[in-house]
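Structure assessment
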Amino acid sequence: MPLSPTGAAPGTLTLTLRRRRAVLGEPRSAVIALAGGPGQAAIPFAERFVEILGPILRRRDLIVFDQRGTGLSGALRCKALESFRPSKTPVITRCAQQIGPARGFYTSPETVADIEAIRVAGGYEKLVLYGTSYGTKVALQYAQEHPSHVEALVLDSVVPLGGPDPLRLDTFAAVPRVLRALCAFHGCRRITRHPVADLRRVVAWIEGRRPRGLRRHPPPIPSPALLATLLAGDLDPILRAEFPAAIKAASEGDVALLGRLLEHAFSGGEEEKRERPHDPALDVPLHYATACEEQQFPWRRASSPRKRLAEAAAKIRSLPARALAPFTRRDVMPLSEIQACAFWPFTRPAPPLVSGPLPAAPTIVLSGAEDLRTPVSGARSVVAAIPGAHLVIVPNTGHSVLTSEPGECGLRALRALFAHRPIQGCAPQPPPLFLKPTPLAPRRLSQVVPAVGFRGRPGRTLTALGLTLADLGRQLSLAILEAGGDDALRHRVRIPGLRGGSARFTGRRVILRRYSYVRGVRISGWIGFERAQLTIGGHAAAHGRLGLTANGRLVGHVDDVHVDVCLRRLVRQSAHAARSGRSPAQAPAARLSSESGARALVELATLAAQLQPSEGLASLQALTYALSPGHAIGEALR
């Protein structure tokens, strides 16, 4: 391809693509699958696209290509960006200078020209454009410029026309709705009735406006970190499920849950970036070459970087507080790309706002009900601009519906479009068990009810043990999915205890070192596939040693009290008691299984460790299946 499709600059570049031939006949159309970003290579996800599109490909070729400047299509490289934080330094200017004048030819209009060249070279009359996130922006621009060559549009997590908004006001507006959605279907019972008010209280505390009842000095947590954690939940709903309890506890002065949640959200930060500066699926220089050139920032491009920042700050100060609540104006700039792009040396004037009309091609727009990156409001605006378009809002889902939804509602709607069947909406439904908000952690042993058949401190200690193991299982799945694939084994995934200590997964065992979930109760020892040895200590606990038998029973002594209990039953009853506030004697017992709960815990870790980072959200679907009712791991852990 010419570097400049309009001939404005000399030079060429090569696009790399994969084509999967149609199963039947000689196709006259093809599906072009577009990745997100900008900057994400698409070829690593080729097999995933085949799995999603399924029968649509019987009579259509599938073409997956790395957009110019990404992956195998001349990925942009910039040494200045190998280890950086663009919000803190003008290093992005040096990167742009290293790329040179060619940096102005890596935007969406050039990608649209590349798609048209692929269509012509392949001899296709029409294209089905399937885009996710930023890919939807490219798909919509192609549809505007080449309407006669569009067979259909499949838009997943759509960027609105003229978007994205550089101030991310749509994200701020969606936060209260998403928090309330997390607590729908009584999901926050025994946690909180007002998650938005809890968040507002914590933000005020962080910013120095001390709410009543909280200590004078706020925790060293910036409020943008809270917003970033909510955004991380778009791709990791297990993480987001911990948010209501963490915020509620913090609003009452207990920041342990929130601190550990932030550690999960930002694990593998700058240290990991130095070790692995280039994500193979995302080209950072290309991201800024596209994002900075295309967004409508609130400044004059001819201004100096310092003046651009001042103009943007003035715009932010003019925003009404209600447009950002429960966050504040201080959170706008850290969320946006203003601080990075202020230092970008622009090569062209600001692009005109993209608006309709759009062709009346068969179109389906998929939007996750809990998506904060590309909220439902943007999807509604796009549907309104395309005659006959169908909007499908998928519950319990964040960003990238077709790769992250816990069910198949979006997938069924997609296939109905191409089978010429009526497209059904998604019925509201409670989230799967492992996506439900986690309970508040007891702050002391006296808040814990005794285990069934035991009294006093030994009984409370056993319930605390069950709560600790339930917490460990959840944190283990989070940590391994974050580490991804072989890294989980190579780096020996470490899990911090809520009240101190830690645990780590070695590939064959989970080793606990003074792991604490309830203050004053510490668990040490190991859990293997068939056996376990656990020591209970801590100033508040009944001390003792327990071993796990092959049939899944904990046997030993706690404060000279003999213990012989089913581990699965103990964990299930303890967790239910924490959620409901009832005694474990009133909680339903777990169904028995031939596998021990400890073995299931390690099998869950082994499964997660085998998942590849490039599969991303597909890994989450595999975990969803493993934790579902009827699956051996899910039943044992329940």
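For the structure given in this document, a descriptive report is provided here. The structure presented is a predicted model; accordingly, all values stated were derived computationally and were not measured. (Residues numbered from 1 in each chain as written. Predicted model: local features only at pLDDT ≥ 70, side-chain atom pairs only at ≥ 80, totals over all residues. Heavy atoms only, no water.)

Here we come to helix α3 (residues 108-122). Between its first and last C-alpha, α3 extends 21 Å over 15 residues, near the 21 Å set by a 1.5 Å rise per residue. Buried within α3 are the following residues: Ser108, Glu110, Thr111, Val112, Asp114, Ile115, Glu116, Ile118 and Arg119. Summarising the contacts, the buried residues of α3 are in contact with β1 (17-20), β2 (29-34), β3 (61-65), β4 (126-132), α4 (134-145) and α12 (284-294). Gly123 lies just past α3 and shows a positive phi near 75 degrees. (Helix = DSSP H or I, 4+ residues; strand = E, 2+ residues; numbered from the N terminus. Expected span 1.5 Å × (residues − 1). Buried < 20%, exposed > 50% of the residue type's maximum accessible area, 1.4 Å probe, protein only. Contact = heavy atoms within 4.5 Å.)

Next up on the list: helix α6 (residues 195-206). The end-to-end C-alpha distance of α6, which contains 12 residues, comes to 17 Å, matching closely the 16 Å that a straight helix rising 1.5 Å per residue would cover. Those residues of α6 lying buried are Pro195, Val196, Asp198, Leu199, Val202, Val203, Ala204, Trp205 and Ile206. In the core, the buried residues of α6 are packed alongside α5 (169-182), α7 (223-232) and α9 (243-251). In the segment just after α6, Gly208 is the residue with positive phi, at about 95 degrees.

With that settled, consider the packing of aromatic side chains. Under the criterion given, the structure shown has four aromatic pairs. Where Phe49 meets Tyr130, the ring centres are 5.7 Å apart and the plane angle is 85 degrees; that geometry is what we call edge-to-face. Placement of the pair is Phe49 in helix α1 (residues 46-53) and Tyr130 in strand β4, with a sequence separation of 81 residues. As far as the burial class goes, Phe49 and Tyr130 line up, both buried. Between Trp299 and Phe346 the ring centres are 6.5 Å apart and the planes differ by 55 degrees, which places this aromatic pair in the tilted class. Taken as a pair, Trp299 in the loop between α12 and α13 (305-317) and Phe346 in the loop between α15 (338-341) and β6 (363-368) lie far apart in primary sequence, 47 residues in all. The pair formed by Trp299 and Phe346 is uniform in burial state, with each residue classed as buried. An aromatic cluster is built from Phe297, Trp299 and Phe346, whose rings are joined through pairwise contacts. (Phe/Tyr/Trp six-rings, centres within 6.5 Å; stacked < 30°, edge-to-face > 60°.)

What follows is about the side chain of Thr438. Positionally, Thr438 belongs in the loop between α18 (409-418) and α19 (456-483). What Thr438 contacts, discounting residues up to four positions off in sequence, is Ile191, Ala241, Glu242, Ala245 and Arg474.

So, on to the environment of Ala340. Here Ala340 shows up in helix α15. Sequence separation of Ala340 and Leu309 is 31 residues, and the distance between their C-alpha atoms is 9.8 Å.

The two faces of the sheet receive side chains in turn, since in a regular strand these alternate between them. Of all five residues making up β3, five are buried, and the element is well covered by its neighbours. The alternating pattern of β3 places Asp61, Ile63 and Phe65 and Leu62 and Val64 on opposite faces, both of which are buried. Pairing analysis gives four bridges linking β1 to β3, with the strands arranged antiparallel. Counted as the bridge partner of Arg19 is Ile63 from β3. Pairing geometry for β2 and β3, over four bridges, is parallel. What sits directly across from Ala30, in β3, is Asp61. Handedness of the β-α-β unit built from β2, α1 and β3 comes out right-handed. (Pairing = 2+ DSSP bridges. Right-handed = clockwise from strand over helix to strand, strands pointing away.)

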